[in-house]
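# Observations on the model geometry
The primary structure of each chain is shown beneath.
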Amino acid sequence: MSVKIIAKDCTGCGMCLEKCPFDAIEIVDNIAQLKDNCTGCGACARACPFKAIEVTRKAKKSTIKLEDYKGVWVFIEQHQGNIHSVALELLSEGRKLADALQVELAGVLLGDGVEHLAQDCFAYGAEKVYLIDGPVFKHYRTDSYTNAIVEVINKYKPEILLFGATNNGRDFASRIAVRINTGLTADCTELSIDPETKLLQQTRPAFGGNVMATILCPKHRPQMATVRPKVMKLCEPDYCRTGEIIRINSSVKEEDIAAKILEIVESASKTVNLEDAEIIVSGGRGIGGPQNYHLIMELAEALGGVAGASRAAVDAGWVPQYRQVGQTGKTVAPKLYIACGISGAIQHLAGMQTSEMIVAINTDPEAPIFKVANYGIVGDLHKIVPLLTAKIKELKESQKAQNTDKTAACSC
């Protein structure tokens, strides 16, 4: 945007000077003057009571040729030589998108000594892997990773680029989108190709999860999106598949990176890994208070699972935030999800409705959670959950005794 002060209408009142967040205005001879550090934000124009400041918004015209961009890419996030599960989930989904567009699926792999991970990418559907390997990429740093991948994007021009909505993925993807002047849709729950326009349809919850918005990026490339872990289903890997590794000689050098990693300290704090749990038992507002959350934890422990919670329970201060399941918490897809005292707001459903088996316990037979549940129990969780826990423990003890008897018989 460009800012222009109309001298004949300016009274030198100073209102614009007070509102400028960058101290980019001064009053000279009772006329406002712009300094060199003006950013064109327009705050001065909104503050001027005499309409003596004009702001002109210049629309940026895209100079790219859309037809030059082909292929679906997935950023292969890895840590210490292990691929993050969300990258494999995105390769599985990316294979569907690439097939719909009849283009290639490729992984973009950065790290130090990570070439062996290319085989996993091929197994989950990639036909190519763009490998950027070197000591400068051993640990994730925003600048080094951004500079390297922007070079590759500008050279090979992918049509679609997908990232996991992890801490690194969110940080990384947003920097790239700004750098190459394209759009980015965050925390998508569904991706598809429009059969007519061939555009990537990026669907995500909006307005607090009350609506599902489908977002398009028709004029810029690549079309970029981040996707939460466990939203997309893993395909069955085929380790007989092979592909092409394209080795990239990046211009990124260690001396060009401002941030230096001096030491990595693994966190020793007690947290739970909800995203990888196969069994999750979650408690909501229906548990009645923090003093009753032990019922949820005991059932989860008896099942060999993890205890979770709804946002209502977390916001009430009953349960730590790291146990939250839902749109603003963790997205999970366990084999078994037991919802105790959770009504089933759309924000919670968005985080767990892809679970293989859902069991709901609620006193309200009309609760929305029953619409997605495979099995529903209408009743008081304070009575039902302890009974379930006791029965599961009883069955486990019985099984343990049977195994002991079999071992003794074999010994004889």
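As shown above, the structure is provided for reference.
Just so you know, these numbers come straight off a predicted model, no measurement behind them.

Attention shifts here to the packing of aromatic side chains. Within the structure shown, the criterion is met by ten aromatic pairs. For the pair Phe75 and Phe163, a centre-to-centre distance of 5.7 Å together with 40° between the ring planes defines the contact as tilted. Of the two residues, Phe75 sits in strand β5 (residues 72-76) while Phe163 sits in strand β10 (residues 160-164), which places them 88 residues apart along the sequence. Judged by relative accessible area, which is 4%, Phe75 ranks as buried. With 5.0 Å between their ring centres and 75° between their planes, Tyr140 and Tyr145 make a pair best called edge-to-face.

One open sheet holds the five strands; their spatial order is β18-β17-β19-β20-β21, and the pairing between them is parallel. Looking along the sheet, the strands with just one partner apiece sit at the ends: β18 (306-309) and β21 (375-378). In this sheet, neighbouring strand axes are inclined to one another by 15° on average, regardless of whether the strands run parallel or antiparallel. Summarising the sheet, strand β17 (residues 279-283) and strand β19 (residues 336-340) pair through five bridges and their orientation is parallel. From the neighbouring strand, Gly283 faces β19, where its bridge partner is Cys340. Each of β17, β18 and β19 touches helix α7 (residues 293-303); the most contacted strand, β18, lies at about 145° to it.

Turning our attention to the layout of surface pockets. Rolled over the atoms, a probe sized like a water molecule indicates the empty space that remains. Quantified by volume, the largest pocket comes out at close to 1400 Å³. Glu77, His84, Thr166, Asn167 and Asn168 are, among the 47 residues lining the largest pocket, the residues nearest its centre. Here the lining of the largest pocket takes three residues from helix α6 (residues 167-179), the largest share from any one element. The calculated volume of the second largest pocket comes to roughly 340 Å³. Lining the second largest pocket are 24 residues; nearest its centre among them are Arg285, Ser310, Ala312, Ile342 and Ser343. Elements with a minimum of two residues in the lining of the second largest pocket: α8 (311-315), α9 (346-352) and α11 (381-411). Its residues assigned to classes, the lining of the second largest pocket shows five nonpolar, 16 polar and three charged.

Another aspect to go through is the side chain of Arg221. Residue placement: Arg221 occurs in the loop between β14 (211-215) and β15 (223-227). In this structure the side chain of Arg221 is engaged in a polar contact, spanning 2.9 Å, whose partner is the backbone oxygen of Cys217. Discounting residues that sit within four places of it in the chain, Arg221 has contacts with Ile64, Leu66, Tyr69, Glu159, Thr182 and Leu199.

Further remarks concern the pattern of salt bridges. Following the criterion strictly, the structure yields 17 salt bridges and no others. Taking the shortest distance from any N to any O, the salt bridge between Glu275 and Lys330 comes out at 3.9 Å. Pair noted here: Glu275 is in the loop between β16 (244-247) and β17 and Lys330 is in the loop between α8 and β19, with a separation of 55 residues, a long-range link. The partly exposed category is assigned to Lys330, whose relative accessible area is 35%. Across the pair Glu278 and Lys335 runs a salt bridge whose closest N-O atoms are separated by 3.8 Å.

Locating Arg95 in the fold gives a position in helix α3 (residues 85-101). On the basis of relative accessible area, Arg95 is assigned to the buried category, the value being 16%. The residues touching Arg95, leaving out its near neighbours within four places in the chain, are Val103, Leu105, Gly125, Glu127 and Arg241.

So, on to α3. Between its terminal C-alpha atoms α3 stretches 25 Å, which fits the 24 Å expected from 17 residues at 1.5 Å a residue. Buried residues dominate α3, accounting for 13 of its 17 residues. Directly after α3, the chain includes Gln102, whose backbone phi takes a positive value near 60°.

Take helix α5 (residues 142-156) next. A rise of 1.5 Å per residue sets the reference length of α5, with its 15 residues, at 21 Å; its end C-alpha atoms lie 21 Å apart and thus fit the reference within 8%. Residues Thr142, Ser144, Tyr145, Thr146, Ala148, Ile149, Val150, Val152 and Ile153 constitute the buried set of α5. Looking at the buried positions of α5, the neighbouring elements they touch are β5, β6 (78-79), β8 (105-111), β9 (128-133), β10 and α6. Of the residues one or two after α5, Lys157 is the one with positive phi, at around 55°.

In terms of nonpolar packing, the biggest core is built from 35 residues, with Val72, Ile76, Leu91, Leu162 and Leu191 touching the most fellow members. Per-element tally for this core: the top contributor is α3, with eight residues. In contact with Leu191, not counting residues within four places along its chain, are Glu93, Leu97, Leu162, Leu200, Gln201, Gln202, Ala225, Val227 and Met232. Grouped together as the second largest cluster of nonpolar side chains are 27 residues, Val108, Leu110, Ile153 and Ile246 included.

Our focus in this paragraph is the sheet that holds β9. Taken together, the seven strands give an open sheet; going across it, the order is β11-β15-β10-β5-β8-β9-β16, and neighbouring strands pair in parallel fashion. Taken across any chain shown, the strands that pair with only one partner, and hence form the sheet edges, are β11 (184-188) and β16. Strand after strand, the sheet turns through a mean of 25° between neighbouring axes, direction not considered. Where β9 meets β16, four bridges bridge the pair, whose relative direction is parallel. By the bridge assignment, Leu131 is partnered in β16 with Arg247. The strands touched by α6 are β5, β10, β11 and β15; relative to β10, the strand with the most contacts, the crossing angle is about 150°.

Conventions used here
- Residues numbered from 1 in each chain as written.
- Predicted model: local features only at pLDDT ≥ 70, side-chain atom pairs only at ≥ 80, totals over all residues.
- Heavy atoms only, no water.
- Phe/Tyr/Trp six-rings, centres within 6.5 Å; stacked < 30°, edge-to-face > 60°.
- Helix = DSSP H or I, 4+ residues; strand = E, 2+ residues; numbered from the N terminus.
- Buried < 20%, exposed > 50% of the residue type's maximum accessible area, 1.4 Å probe, protein only.
- Pairing = 2+ DSSP bridges.
- Axes fitted to C-alpha atoms, helices over the stretch in contact; angles between N-to-C directions.
- Contact = heavy atoms within 4.5 Å.
- 1 Å grid on protein atoms, 1.4 Å probe; cavity = no way out; pocket = protein on both sides within 12 Å on 5 of 7 lines; lining within 4 Å.
- Points joined across faces, edges and corners; volume = space filled by probe spheres on them.
- Nonpolar A, V, L, I, M, F, W, Y, C, P; charged D, E, K, R; others polar.
- Polar contact = N/O pair within 3.5 Å; in protein donor to acceptor, adjacent residues only side chain to side chain.
- Salt bridge = Lys/Arg side-chain N within 4 Å of Asp/Glu carboxyl O.
- Expected span 1.5 Å × (residues − 1).
- Core = buried A, V, L, I, M, F, W, Y, C linked by side-chain atoms within 4.5 Å.

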